[in-house]
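Structural overview for review
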Protein chains: 2
Amino acid sequence: MPNPLGPSIFITGANRGLGLAFVKELVKQEQVTLIFAACRNPDQADALNALAKKHPAIQVLKMDVSNDSEIAGAVKLVKDKLGDRGLYVLFNNAAILTETGAEYIKPDRKILEQHMSINLVSPIMVTDAFLSLLRKESSADKPSLVVNISSDNGSIQDAMTMGTAWGNIAYGITKAGLNMYTRYLGSGEKYNNIVAVSVHPGWLRTDMGTPDAPDSVEHGAEAVIETLSKLSIKDNGRYINNRGRDMRF
Amino acid sequence: MPNPLGPSIFITGANRGLGLAFVKELVKQEQVTLIFAACRNPDQADALNALAKKHPAIQVLKMDVSNDSEIAGAVKLVKDKLGDRGLYVLFNNAAILTETGAEYIKPDRKILEQHMSINLVSPIMVTDAFLSLLRKESSADKPSLVVNISSDNGSIQDAMTMGTAWGNIAYGITKAGLNMYTRYLGSGEKYNNIVAVSVHPGWLRTDMGTPDAPDSVEHGAEAVIETLSKLSIKDNGRYINNRGRDMRF
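If you're wondering where the values come from, they're calculated on a predicted model, not measured in any experiment. Each chain carries its own residue numbering, running from 1 in the direction its sequence is written. Ligands are numbered from 1 and chains lettered from A, in the order in which they are written. The predicted origin of the model limits local features to residues at a pLDDT of at least 70 and limits the giving and counting of side-chain atom pairs to 80 or more, whereas totals for whole chains, interfaces and linings rest on all residues. Excluded from the side-chain calculation are hydrogens and water; included are all heavy atoms of the structure.

A short note on the overall build of chain A
Numbering of helices and strands runs from the N terminus, with a helix taken as a DSSP run of H or I at least four residues long and a strand as a DSSP run of E at least two residues long. A count of helices and strands for chain A gives seven helices and seven strands. Sequence-ordered secondary structure for chain A, helices as α and strands as β, is β-α-β-α-β-α-β-α-β-α-α-β-α-β. We compute the radius of gyration from the C-alpha atoms alone; for a globule the expected value is 2.2 Å times N to the 0.38, where N is the number of residues. Its C-alpha radius of gyration of 17 Å places chain A within 12% of the 18 Å reference for a compact globule of 249 residues. With respect to the three principal axes, the spread of C-alpha positions in chain A is 50 × 40 × 35 Å. Residue contacts are counted whenever heavy atoms from the two residues lie within 4.5 Å of one another. A separation threshold of at least 6 residues defines the contact pool for chain A, and within that pool the share at least 24 residues apart is 71%. Exposure was quantified through the Shrake-Rupley algorithm and a 1.4 Å probe, taking into account, for residues, occlusion by the shown protein chains and nothing else. For chain A, the accessible area works out to roughly 10,000 Å², and carbon and sulfur atoms hold 48% of it. His is not counted, nor are the chain ends, whereas Lys and Arg count as positive and Asp and Glu as negative. Where a charge sits is defined by one atom per residue type, namely NZ (Lys), CZ (Arg), CG (Asp) or CD (Glu). When the 27 positive and 27 negative side-chain charges of chain A are each reduced to one mean point, those points stand 2 Å apart.

Concerning the sheet that holds strand E6 (residues 194-200) of chain B
All names here are of chain B. The rule for pairing is simple: two strands pair if DSSP sees at least two bridges between them. On the basis of which strands lie adjacent, the open sheet formed by seven strands has the order E3-E2-E1-E4-E5-E6-E7 and parallel pairing. Two strands lie at the open edges of the sheet, namely strand E3 (58-62) and strand E7 (239-241), each paired on one side alone. In this sheet, adjacent strand axes meet at a mean angle of 20° when their direction is disregarded. Two elements, strand E5 (residues 144-149) and E6, share six bridges in a ladder whose sense is parallel. Note on E6: the bridge partner recorded for Ser144 is Ile194. In the packing of helix H1 (residues 17-26) onto the sheet, the strands contacted are strand E1 (8-11), strand E2 (34-39), E3, strand E4 (89-92) and E5, and the crossing angle to E1 comes to about 165°. To obtain each axis, a line is fitted to C-alpha atoms, and for helices this fit is confined to the stretch in contact; angles are then taken between N-to-C directions over 0 to 180 degrees.

Re the pairing of strand E1 (residues 8-11) of chain A
All names here are of chain A. Here E1 shows two buried faces, one formed by Ser8 and Phe10 and the other by Ile9 and Ile11. Two strands pair when backbone bridges link them, and E1 and strand E2 (residues 34-39) are joined in this way by four bridges, in the parallel orientation. Paired with Ile9 across the strands is Ile35, a residue of E2. Seen with the strands pointing away from the viewer, any crossover whose path from the first strand over the helix to the second strand runs clockwise is right-handed. Read from E1 through helix H1 (residues 17-26) to E2, the crossover connection turns out right-handed. Relative to strand E4 (residues 89-92), E1 is paired through three bridges, and the arrangement is parallel. Each residue is assigned to one of three classes by its accessible area relative to the maximum for its type, calculated with a 1.4 Å probe on protein chains only: buried under 20%, partly exposed between the two thresholds, exposed over 50%.

Section: the packing of H1(B) against helix H2 (residues 46-54) of chain B
All names here are of chain B. It is at 11 Å that the axes of H1 and H2 come closest, and there the two elements cross at 10°. Judged by the angle between their axes, H1 and H2 are roughly parallel. Contact residues: H1 offers Leu20, Val23 and Lys24, while H2 offers Ala47, Leu48 and Leu51. Residues of the contact of H1 with H2, tallied by class, amount to five nonpolar, no polar and one charged. Here is the rule for angles: anything less than 35 degrees is roughly parallel, anything more than 145 is roughly antiparallel, 65 through 115 is roughly perpendicular, and the remaining ranges are oblique. Amino acids outside the nonpolar list (Ala, Val, Leu, Ile, Met, Phe, Trp, Tyr, Cys, Pro) and the charged list (Asp, Glu, Lys, Arg) are all regarded as polar, and Gly is one of them.

Here we look at the environment of A:Ser229
All names here are of chain A. The residue Ser229 is located in the loop between helix H7 (217-228) and strand E7 (239-241) in this model. Sequence separation between Ser229 and Leu51 is 178 residues, and the spatial gap between their C-alpha atoms is 23 Å. Whenever two N or O atoms come within 3.5 Å, that pair is a polar contact, provided that in protein one can donate a hydrogen and the other can accept it, and provided that, for residues adjacent in sequence, both atoms are side-chain atoms. For Ser229, the side chain forms a polar contact with the main-chain oxygen of Glu226, separated by 2.6 Å.

Given below as C-alpha cells:
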C-alpha cells in the first residue's frame, strides 16, 4: 500500500514545539514535496524560517486558526501552489494550555472560552476550509488524512486518576471534544476516502509538555509520522498513541 | 441511607422541556422544600410561573447561564433564602442545540462557539459559583449532588454509528466535554462529599427531542429523579442513563 503521507501537507502551529518537530521530520520523507507550515506570527518564527531556507519544500505562511479570513487566505495560497492537485494531509496541531484561569475552582470565563475556540472550534473551521482540497485526489488506496493532535488528557475514562492534578481542566475537556469531532468527521468523510484520527503524541519535552516529560519532541514526532504512514481507511475515527495503539476514550 | 435529593435544589433552564418536568417531579418529593427554578426570561415562563403559584416551594428566578453577573445575583438570592443552610442539588440542565450552523460541513464559528459557551463553559462557571453552598452541609452519608444533564449523543465510543445523522455536531461534542468536566469535578470534590454525575435523560418528546422521541418528558424526569435519589459518594464521576445504568464514554 502506498504511504498515505504525501506529497502535500498542511500543519498549524508549526513554529515551535511538536509542530516544528513535525516539519523537521516531514522534510526527511522522500515523497513529501510541499509542507505548508502555518503559524500566527511568521516574523517571529526564527527556527521555522531557518529550516525553510534550507528546504524549499517548506512554505511558511501566516494563519491564526481563530481568524476565518486568515484561514480563507491560507486556503487560497495553498490552492495556487497545488494547481490541479489536492492536499493529502492536514495536521490540526495548534492548541493552547494556560497555566492559570482554567482550574475548575474560580475559572475565568474568557480563558475557558479561549480554549474552546482555539482547541475545539478552530480545528472544525480549518478542516472544513480544506475539505474540498482533501477530497480532491483521495482514494481508498491512498486516502487523505486529517490528523487531530489530541492528548492522553483527553481520555474521559482515565480522567478520574489523571485529572485535577493538572489544574487546567479546559485542555482535557477540549481534547475529549476533539476526539468526538474526529469520530464525526471520520464517519462522514470515510465515503470520500478521508481518514480522520486523533493522536496522543506522547508526553514530550516542549513548552507545553514541560522539561519533566520523559521523551524528546523529536522522538515523539518521528513515532507519530511512522504511525501515520501505516494508516488506511479502516483506521478512521481512532484515538491512538504515537505507536498506533488504541487509547481509551 | 437518606435520600440525597433535598431539601434545596437549584435548576437551570427550568422554564420548559426537561427542566420544567424536573420541577414538576421535584415538587412531589416530600423532603424537597426549596426549588430554585432559573430561566433566562421569567416574564415569558408561563407554565413555570403557573406551577410556582400553586407550589410556594418553587422560586422562579432570572439567570442566563452565560451571564456571570446574573449568576452572581442568583447566588446572592439563594444565599439569602437559605440563611445558614447549604444547597443540596445543582442541576446543570440549560443547553442549546440549533438546527443549522453546527454541521461539520460549512459550520458557522459563532454558532459553534455559542454551543461551547452555553453547554460547556457555563456549567463550569455556574457550578463554581454555587460550590461553597454545595459544600456547606454535605457529608459522606448525605452528599451534595451536581447533576450535569448530558445525552447519549455525548458518547464518543458510539459516535461513529449515531453521529452525523443529527447534523449538529456541536451538541455531541459539548456533551462529551461535559462528561469530562463531570469527571474532573467529581475527582476533585469527592473529598468534600460532593457527587458529580452526567445523566442521559433518555430520548424524550421535548422541543429538543422532537415529537419522534419514544418516551414522554414526564417519564424521563421521573426516572432520573428516582435514579438520583439512590446515588452515593461511590457514584462520583459516572455517566449514567435515567435508570442508573452506565453509558459508554
